[in-house]
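Structure assessment
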Amino acid sequence: MKHFGIFILFSLAVAACQQRQSQVAPPWQGQADSASVFDLSQIEQAGEMIALTLTGPDTYYDYRGSHLGVQYLLAEQFASHLGVRLRMETCRDTAELLRRMDAGDADLIALRMQADTLTPGWLVGQGKDDLRQALADWYRPELLALARKTEQQMLQRPSVRCRVHAPMLRRGVISLYDELFKRYCRGIGWDWRLLAAQCYQESTFDPEATSWAGARGLMQIMPRTADHLGLPREQMTDPEQNIAAATRYLHELEREFQYIHDRTERQNMVLASYNGGIFHIQDAMRLCQRDQRNPQRWDDVRTYVLRLKDPQYYQDTLVHHGYMRGTETADYVDKIRSRYQQYIRQVRQ
């Protein structure tokens, strides 16, 4: 009943917006040349369609370096159908969605705002008649069901395809890559056994491991991250190059948390950021501080990483990057720390 009430209020807001658009010409309609309206042909020429939405599990969110959410996947399909890229931007609330649409900041709102079955219920920008018609011609109700199925398949299948190796090669030796862990950890001041524990969590020591999101190699580096770190994509599965790039990235993340004086807590934040993204971790830290808990203590921040799946938290004004599937990130840090303690007991520094 609560969600039904929200939908009614949302629909009324949309209706009011549409009525207002019919009475007051938006900025782009003030031009004498009708060709200045950024309709389908201009979108195709620019090669990009801009969509607005809200963050959430059914709309749009970041997951291990990729974008998910049914509305995002559906919009991506439509953009692909048009032969253009999709640029999805999130707004804080429906008022901002409507305000930005009024201002001509986007081509459409990718959010179910109407009850018809002829289109996804999206709101198309004023004057974009050709885009609206293209959407109506393309959309079929089964496309929405297909997007839901696609997302579920992506989330349910193993995130990493790899050959599973034992967590230790033999007594006193963790893996074939121990010397590489030692060499590159010296440059960042980490215990090499902690890096080994992280590597096992990422790929079970398989240099050919790949994820559905595109991460590759021992430390599961994403292609965009590889570009940022100067790691050629053709070398992403090279063990030494992959480990070297990963330690550069860990060092870069650690500098972001240099104000945390406790090294263990700082490393926990780094590990969480490596898995879940630094911006989500910073969102959780802000919520933690607001509630007078310690934002420099992982156990406290972990609580809010888990809470970022709930609307009352990911819609909070302190949260800048929205919804997060935090369970995986919390488990990631826990498992690395547990295996690291095992390595400390069994393998000399």
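Remember, it's a predicted structure, so these values are computed and weren't measured experimentally.

1. Things to note about the overall build of the protein chain
When its secondary structure is counted, the protein chain shows 15 helices and 8 strands. Counting every position in the protein chain, which comprises 349 residues, the buried fraction comes to 50%. In the protein chain, of all internal contacts separated by at least 6 residues, the share reaching a separation of at least 24 is 63%. For the protein chain, the accessible area works out to roughly 17,500 Å², and carbon and sulfur atoms hold 49% of it.

2. A few points about the sheet that holds strand 5 (residues 108-109)
Sheet architecture is open: 4 strands sit in the order 4-1-5-6, paired in mixed fashion. Across the chains shown, the open sheet's two edge strands, defined by having one partner strand only, are strand 4 (85-91) and strand 6 (123-124). As judged from the 2 bridges shared by strand 5 and strand 6, these two strands associate in the antiparallel manner. From the neighbouring strand, Leu108 faces strand 6, where its bridge partner is Val124. Running at roughly 150 degrees to strand 4, helix 3 (residues 70-82) makes contact with strand 1 (48-54), strand 4 and strand 5 of the sheet. Contacts between helix 4 (residues 94-102) and the sheet are confined to strand 1, strand 4, strand 5 and strand 6, with strand 1 contributing the most and set at about 155 degrees to the helix.

3. Re the pattern of salt bridges
Applying the stated criterion across every chain yields a total of 20 salt bridges. A salt bridge links Lys182 to Glu179; the shortest N-O distance between them is 3.4 Å. One end of the pair, Lys182, and the other, Glu179, are both in helix 7 (residues 178-186), 3 residues apart, so they sit about a helical turn from each other. Residue Lys182 is classed as partly exposed on the basis of its relative accessible area, which comes to 27%. For Arg233, the salt bridge is made with Asp227, and the minimal N-O distance between the two is 2.6 Å. Classification of Arg233 by relative accessible area gives partly exposed; the value is 40%. Ionic contacts of the salt-bridge type, sharing partners, join the residues Glu48, Arg87, Glu89, Arg100 and Asp105 into one network.

4. Some points on the confidence of the model for the protein chain
Scored by pLDDT, the protein chain has a mean of 87; 87% of the residues are at 70 or more. For the stretch residues 1-35, pLDDT sits under 50, and the model shows 32 contacts to residues farther than four places along the chain or on other chains.

5. Some remarks on the nonpolar core
Membership of the largest hydrophobic core comes to 67 residues, with the highest contact counts inside it found for Phe181, Tyr274, Ile281 and Val301. Broken down by element, this core gets its largest block of residues, 7 residues, from helix 8 (residues 192-203).

About the thresholds
Residues numbered from 1 in each chain as written. Predicted model: local features only at pLDDT ≥ 70, side-chain atom pairs only at ≥ 80, totals over all residues. Heavy atoms only, no water. Helix = DSSP H or I, 4+ residues; strand = E, 2+ residues; numbered from the N terminus. Buried < 20%, exposed > 50% of the residue type's maximum accessible area, 1.4 Å probe, protein only. Contact = heavy atoms within 4.5 Å. Areas by Shrake-Rupley, 256 points an atom, 1.4 Å probe, with all protein chains shown as cover. Pairing = 2+ DSSP bridges. Axes fitted to C-alpha atoms, helices over the stretch in contact; angles between N-to-C directions. Salt bridge = Lys/Arg side-chain N within 4 Å of Asp/Glu carboxyl O. pLDDT = per-residue confidence, 0-100. Core = buried A, V, L, I, M, F, W, Y, C linked by side-chain atoms within 4.5 Å.

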